[in-house]
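Structural overview for review
Residue strings, one per chain:
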Amino acid sequence: MGSIAISLIVFACVFGGALFGMLLRGALPQQHLSADSKDVVKLGMGLVATMSALVLGLLVASAKSSYDAQSSALTDMSAKVVLLDRILAHYGPETREARDLLRGTIAAVLDRMWPKDRTSGSQLEAPSGSGEILLDKIQELSPQDDRQRSLQAQALSMAIGLAQTRWLMYEQGVGSVSKPMLVILVFWLTAIFISFGLSALRNATVTTALFVSGLSVSGAIFLILEMYTAFSGLIEISSAPLRAALMHLGQ
């Protein structure tokens, strides 16, 4: 289920809870709406609101951490790609095939993660076998002196580091928000909005305020879900670092 669909469900739960609270207010006997009863409800909902704020803060922090980790990994990979290409260039003309393979691999990664037509959708796939072929190409080089042997060792280390970063990005990309935590949070928020409806008289001002509040809550959930899909959706990681790296490859 997509981020928009989940956010709409959250909005329906919380705003529907507020409307249900308003209807319930009219159906309850008057003694249930006394000042003492309202005070107890406010105390209980205050506790629930505090727990909801803590859980919502944890979800936001977790989503932002995941987003920042993906962004940092992309920037790190882009820098390593350019450095690996320069190391191979300094090795000699016999690395031309390996450099062309590196450029082709990065171009393919860009096309999968940020497709031009946007109809197929972004795909954060597991690293393909081209990375292993690049390692084989580097290992097949025959150094003629100590300088080339040093450059080959550095290139191998860099290629292994790139593969590690790519797998790390893939594993981080398959993570998502904790579903039990999200369900519990929505339940708490719905209970809070029901209490809002119980405490308020039914009029346009109150209904509008509760509508905007419900929209804000569902918007927060939407942002959390979007940050877990860092390579698609509205809050998308920029492809600029990898595209800039691609422009420098093969020079």
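Everything here concerns the structure above.
Residues numbered from 1 in each chain as written. Predicted model: local features only at pLDDT ≥ 70, side-chain atom pairs only at ≥ 80, totals over all residues. Heavy atoms only, no water.

Here helix α6 (residues 179–199) spans 30 Å end to end across 21 residues, near enough to the 30 Å set by a 1.5 Å rise per residue. Regarding α6, the residues found buried are Leu 182, Leu 185, Val 186, Trp 188, Leu 189, Thr 190, Ile 192, Phe 193, Ser 195, Gly 197 and Leu 198. (Helix = DSSP H or I, 4+ residues; strand = E, 2+ residues; numbered from the N terminus. Expected span 1.5 Å × (residues − 1). Buried < 20%, exposed > 50% of the residue type's maximum accessible area, 1.4 Å probe, protein only.)

In this section: the packing of aromatic side chains. Within the structure shown, the criterion is met by 5 aromatic pairs. Where Phe 11 meets Phe 15, the ring centres are 5.6 Å apart and the plane angle is 10°; that geometry is what we call stacked. With a gap of 4 residues between them, Phe 11 and Phe 15 both fall in helix α1 (residues 3–27), about one helical turn apart. For the pair Phe 11 and Phe 15, a shared accessibility class is recorded, and that class is buried. On the numbers, 5.4 Å between centres and 85° between planes, the contact of Phe 15 with Phe 211 is edge-to-face. On the criterion of sequence distance, the pair formed by Phe 15 in helix α1 and Phe 211 in helix α7 (residues 204–227) is long-range, its members being 196 residues apart. (Phe/Tyr/Trp six-rings, centres within 6.5 Å; stacked < 30°, edge-to-face > 60°.)

Turning next to the nonpolar core. Taken as a class, soluble globular proteins show a tendency for nonpolar side chains to be buried jointly. Ranked by size, the top nonpolar core spans 59 residues in total, and within it Leu 74, Leu 84, Ile 138, Phe 231 and Leu 242 carry the most contacts. Put simply, the parts of the chain that give this core at least two residues each are α1, α2 (35–91), α3 (96–113), α4 (130–139), α5 (146–173), α6, α7 and α8 (240–248). A per-element tally of this core places α2 first, with 13 residues. (Core = buried A, V, L, I, M, F, W, Y, C linked by side-chain atoms within 4.5 Å.)

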